Amino acid sequence: NEWLANSEVPVGFIPAANSGKTVARLSKTDSTRIGGLNLYESLDRRISVVGGVKAVLYEQGEADSNDINGTTATDYESSLNTLINDINTDFGVKTFIIPLHTITAAGYNGNGTTTGQAPIRQAQLNTASSTNCKIFQRLDDIDLSGGDGLHFQTDTELNTVGVRVYQSYIGSELTTAITGMTDGTYQTIITSGLDTLLNNT
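Thresholds applied
- Residues numbered from 1 in each chain as written.
- Predicted model: local features only at pLDDT ≥ 70, side-chain atom pairs only at ≥ 80, totals over all residues.
- Heavy atoms only, no water.
- Phe/Tyr/Trp six-rings, centres within 6.5 Å; stacked < 30°, edge-to-face > 60°.
- Helix = DSSP H or I, 4+ residues; strand = E, 2+ residues; numbered from the N terminus.
- Buried < 20%, exposed > 50% of the residue type's maximum accessible area, 1.4 Å probe, protein only.
- Polar contact = N/O pair within 3.5 Å; in protein donor to acceptor, adjacent residues only side chain to side chain.
- Contact = heavy atoms within 4.5 Å.
- Arc of directions from axis to C-beta.

Some words on the packing of aromatic side chains
Enumeration over the complete set of coordinates arrives at 6 aromatic pairs. Between Trp3 and Phe13 the ring centres are 5.8 Å apart and the planes differ by 65 degrees, which places this aromatic pair in the edge-to-face class. Of this pair, Trp3 sits in helix H1 (residues 2-6) while Phe13 sits in the loop between H1 and helix H2 (39-49); the two residues are 10 residues apart in sequence, bridging distant segments of the chain. Accessibility expressed as a relative area gives 18% for Trp3, which makes it buried. Aromatic side chains Phe96 and Tyr169 sit 5.0 Å apart centroid to centroid with 65 degrees between the ring planes, which places their arrangement in the edge-to-face category. Here Phe96, found in strand E2 (residues 95-97), pairs with Tyr169, found in helix H6 (residues 155-170); they are 73 residues apart in sequence, far enough to count as distant. For Phe96, a relative accessible area of 1% translates into the label buried. By relative accessible area, which is 5% here, Tyr169 ends up buried. Clustering of aromatic rings is evident, with ring pairs tying together Trp3, Phe13, Phe96, Phe136, Tyr166 and Tyr169.

Describing the side chain of Asn88
The topology assignment puts Asn88 in helix H4 (residues 73-91). A distance of 3.2 Å separates a polar side-chain atom of Asn88 from the backbone oxygen of Val93. The contacts of Asn88, once residues within four sequence positions are left out, are Val93, Lys94 and Asn132.

What to know about H2
Among all positions in H2, only Leu39, Tyr40, Ser42, Leu43, Arg46 and Ile47 are buried. Seen end-on, H2 carries its buried residues on one side only, within an arc spanning 160 degrees. A side-chain oxygen of the first residue of H2 lies 3.1 Å from the backbone nitrogen of Tyr40; this N-cap is Asn38. One or two steps after H2, the chain reaches Gly51, where phi turns positive at roughly 80 degrees.

What follows is the structure, given as structure tokens:
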């Protein structure tokens, strides 16, 4: 909505998420495969289908914050740095981190120093010092306790996230300008069976 209100250029978002995965599962070398591809290879395929992207938006961290997984902040930061650098090398784009919000559901605080949501959030901030990424505006002031304490669910919550993501992106020194394409290019994308292609893994 923010993009449409402030720009005459259509913008498409290509989903490549897979719910509840740790950062380790996003690794280029992860051996777990679904339909013959690991999650990074699935990202690669989706980017290829649409002929390239301007940036990668990264929203993740809940699974690593979960006490069941207990990912240390050190391991998280290392894995995230590797992922961001691989994305830049392979696709020539920067990664924009949508930072981990405050989780009020039980079981996401770890020991508060090396594990849990606070250390994972800090690891994201540390990673943002990389030249290949930037972290967006903080989301930890959004109260999710009225829902499940984990997900953005209401229109108000989702709109707040959307506005902050848009404002952060257009204000970023890493931003690649999104310029218009010819009508024929848009038509090719729209009529190429994109939904079918993207839904195959």
